[in-house]
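Per-entry structural report
Next come the chains, spelled out residue by residue.
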Amino acid sequence: MAMAYSAKVREHFANPHNVGKIDNADGVGEVGNAVCGDIMKMYLKIENDVIVDVKFNTFGCGAAIATSSMATDLIKGKTIHEAMQLTNKAVVEALDGLPPVKLHCSVLAEEAVKAALLDYYTKKGLSVPEELANAACDHDCEACMH
Amino acid sequence: MDNAATTSVSEAALAAMLPALRENYGNPSSLHELGQRSSAALEEARESVAWCLGAQPREIYFTSGGTEADNWAIRQLARQGAARGKKHLITTAFEHHAVLHTMARLEKDGFEVTYLDVHEDGLVRPEELEAALRDDTALVSIMLANNEIGTIQPIRALAELCHAHKVPIHTDAVQAVGHIPVNVDELGVDLLSLSGHKFHGPKGVGALYCRRSLRLTPLLEGGAQERNRRPGTENLPGILGMAAALREATEHLEEHMAHVTALRDALLTGIADIPCTRVNGSVEHRLPGNVNVCFEGIEGESLLLRLDLAGICASSGSACTSGSLDPSHVLLAIGLPKEVAHGSLRLSLDAQNTREEVDYTLEQLPRIVQTLRDMSPVWEQMKAEGRC
């Protein structure tokens, strides 16, 4: 399975970007389930509606780490509105594709970003945009597969 | 360090194979000189394999590998049992899929299968087999050594129980042959499967041992090869390579076992220094070369990929490497929670591994485990809860 990873996935797995935590983050999102084998936790620092910093911690396979890394790259420096538009498809394309059995990792990355944004809105007491309405879904093992 | 997956072809095996691929390419069934040379080579290989197992040549049937041998033994013995009204089979929960999936198929065909517990230490309890044996039991199939955690089953004691109940016993010895002493009479088994590429023979060849007192009907239909039991022109190069590899492994068994055990113990000692690590399965009743551990808080595939980047080949029972949602059925069978089983690592050593390789692994592994734990929310939570 490892050999089915693109060069880009291998690169982001070997040297992931934005690994770590942010103290006093403005938004934190955690998705996934240890029983399924992957958990992503995303931290956002937001100033004037712009994501000025983002970090992640991930427990998971090579694809889970690579999609986390790519998703953080894709939203860093972007406005909240732009980050909200992030799709798993965009993450997959930026990584030059993922093996079919690993596509759920990209979904998890999109959900982690959205969960962190939802947390930001909730903490601020702002009304939650429609794009994030489903970001708080539960994750059981069936959901891992999508 | 992934020799349980496969091994390199030894020089002795290659030397035995090459003439059969070049000038001695005859079909053993042909009556002419070229064919008869192949026929003689085939029978010599059979004698050699039989000698290595303490069997008689006529009890050895060459196959396409361990999977075919397992399928053959189980399906045919089940079919023969069913003809006498016996439709119960006994196996364990952590067999290789060649056995488990064959059993599942037979269940669909109306057989009842009892899966014996292998407990936390990865060992079958003879008294539990005794309790499971019935008048309508057609076959017992229990592996000699497990492919993931390397635990060695008390086959002799299990075989004695089977014989007392007049039930034939098959063992999948694919991971054991060439690595520990395997003598069919000492084990008391009636059928035994082996695979060439696990002991430096080529891939695509194996054998089924079947005790002469037992009737064995063919799985496949066709020609009269293998004394009418296994049709198809024999894979002579493969068979000769496997026989040469097995002879070499058997002749050097003691020295290889001592070397590999010392390496394995050095690995286990070094790994024990990594916190929150557990060894899966009994250490005492274990293949000399098998290390199987779980590092809590990390996932196995990312560990394998990082080891690969450091030039170390290993294997894992994580779901990500199995291509399914669930982690290894072997680790679940010994009672590991799924979240822990995802973090498993198997290192399987062989006589060709060196102390330098073990030292290098012990230099890289703690660093890699730490890097992955540092980015793991699961590990963070474990630390916060004081579990590690």
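Residues numbered from 1 in each chain as written. Chains lettered and ligands numbered in written order. Predicted model: local features only at pLDDT ≥ 70, side-chain atom pairs only at ≥ 80, totals over all residues. Heavy atoms only, no water.

**Notes on the confidence of the model for chain A**
All names here are of chain A. This prediction gives chain A a mean pLDDT of 89; 89% of its residues lie at or above 70. Looking at the elements of chain A, mean pLDDT is at its lowest for helix α6 (residues 141-145), recorded as 45, and at its highest for strand β3 (residues 50-59), recorded as 97. Within the model, the stretch residues 138-146 combines pLDDT values under 50 with 19 contacts to residues more than four positions away or in other chains. (pLDDT = per-residue confidence, 0-100. Helix = DSSP H or I, 4+ residues; strand = E, 2+ residues; numbered from the N terminus. Contact = heavy atoms within 4.5 Å.)

**Concerning the interface of chain B and chain A**
Counting from both sides, the interface comprises 23 residues of chain B and, opposite them, 27 residues of chain A. With both chains or domains summed, chain B and chain A bury close to 2,100 Å², and 68% of this area falls on carbon and sulfur atoms. Linking chain B with chain A are two salt bridges, by the criterion used here. Scanning the region where chain B abuts chain A turns up ten residue pairs in polar contact (both at pLDDT 80 or more). Where the side of chain B that touches chain A is concerned, the elements lending two or more residues are α11 (300-309), α12 (319-322), α14 (338-341), α15 (355-374) and α16 (377-384) of chain B. Examining the composition of the side of chain B that touches chain A, we find that five residues originate from one element, α11(B), more than from any other. The residue inventory of the side of chain B that touches chain A, partitioned by class, reads nine nonpolar, seven polar and seven charged. (Buried area = accessible area lost by both parts, 1.4 Å probe. Salt bridge = Lys/Arg side-chain N within 4 Å of Asp/Glu carboxyl O. Polar contact = N/O pair within 3.5 Å; in protein donor to acceptor, adjacent residues only side chain to side chain. Nonpolar A, V, L, I, M, F, W, Y, C, P; charged D, E, K, R; others polar.)

**Focus: the environment of B:Gln36**
Residue and element names in this part refer to chain B. Within the secondary structure, Gln 36 sits in helix α2 (residues 33-53). Given a relative accessible area of 35%, Gln 36 falls into the partly exposed group. Considering only alpha carbons, one finds Gln 36 and Asn 24, twelve residues apart in sequence, at a separation of 9.9 Å. Among all residues touching Gln 36, those that are not within four sequence positions of it are Pro 28, Ser 30 and Leu 31. Separated by 2.7 Å, the side chain of Gln 36 and the backbone oxygen of Ser 30 make a polar contact. (Buried < 20%, exposed > 50% of the residue type's maximum accessible area, 1.4 Å probe, protein only.)

**Observations concerning the side chain of B:Ser348**
Residues and elements named next belong to chain B. Summarising the element assignment, Ser 348 is placed in strand β10 (residues 344-348). A distance of 3.0 Å separates the side chain of Ser 348 from the backbone nitrogen of Asn 3, its partner in a polar contact. Among the polar contacts listed, one links the side chain of Ser 348 to the backbone nitrogen of Ala 4, at a separation of 2.8 Å. Ignoring sequence-local partners within four residues, the contact set of Ser 348 consists of Met 1, Asp 2, Asn 3, Ala 4, Gly 289 and Asn 353.

**Details of empty space enclosed by the protein**
Where empty space is left becomes clear once a probe the size of a water molecule has been rolled over the atoms. According to the stated counting rule, one finds one cavity of 30 Å³ or more in the structure shown. Volume-wise, the largest cavity comes out at about 30 Å³. Lining the largest cavity, in full, are A:Thr58, A:Phe59, A:Gly60, A:Ile65, B:Gly297, B:Ile298, B:Glu299, B:Ser302, B:Leu372 and B:Ser376. Split by residue class, the lining of the largest cavity holds four nonpolar, five polar and one charged. (1 Å grid on protein atoms, 1.4 Å probe; cavity = no way out; pocket = protein on both sides within 12 Å on 5 of 7 lines; lining within 4 Å. Points joined across faces, edges and corners; volume = space filled by probe spheres on them.)

**Focus: the sheet that holds β3(A)**
Residues and elements named next belong to chain A. In space, the three strands of this open sheet follow the order β1-β2-β3, with antiparallel pairing throughout. Two strands in the sheet have a free side with no partner beyond their single neighbour: β1 (27-33) and β3. Between one strand and the next, the sheet's axes are offset by a mean angle of 15°, whatever the strand orientation. Alignment of strand β2 (residues 38-47) against β3, held across nine bridges, turns out to be antiparallel. From the neighbouring strand, Glu 47 faces β3, where its bridge partner is Val 50. Packed onto the sheet, helix α2 (residues 62-75) meets β2 and β3 and runs at close to 175° relative to β3. (Pairing = 2+ DSSP bridges. Axes fitted to C-alpha atoms, helices over the stretch in contact; angles between N-to-C directions.)

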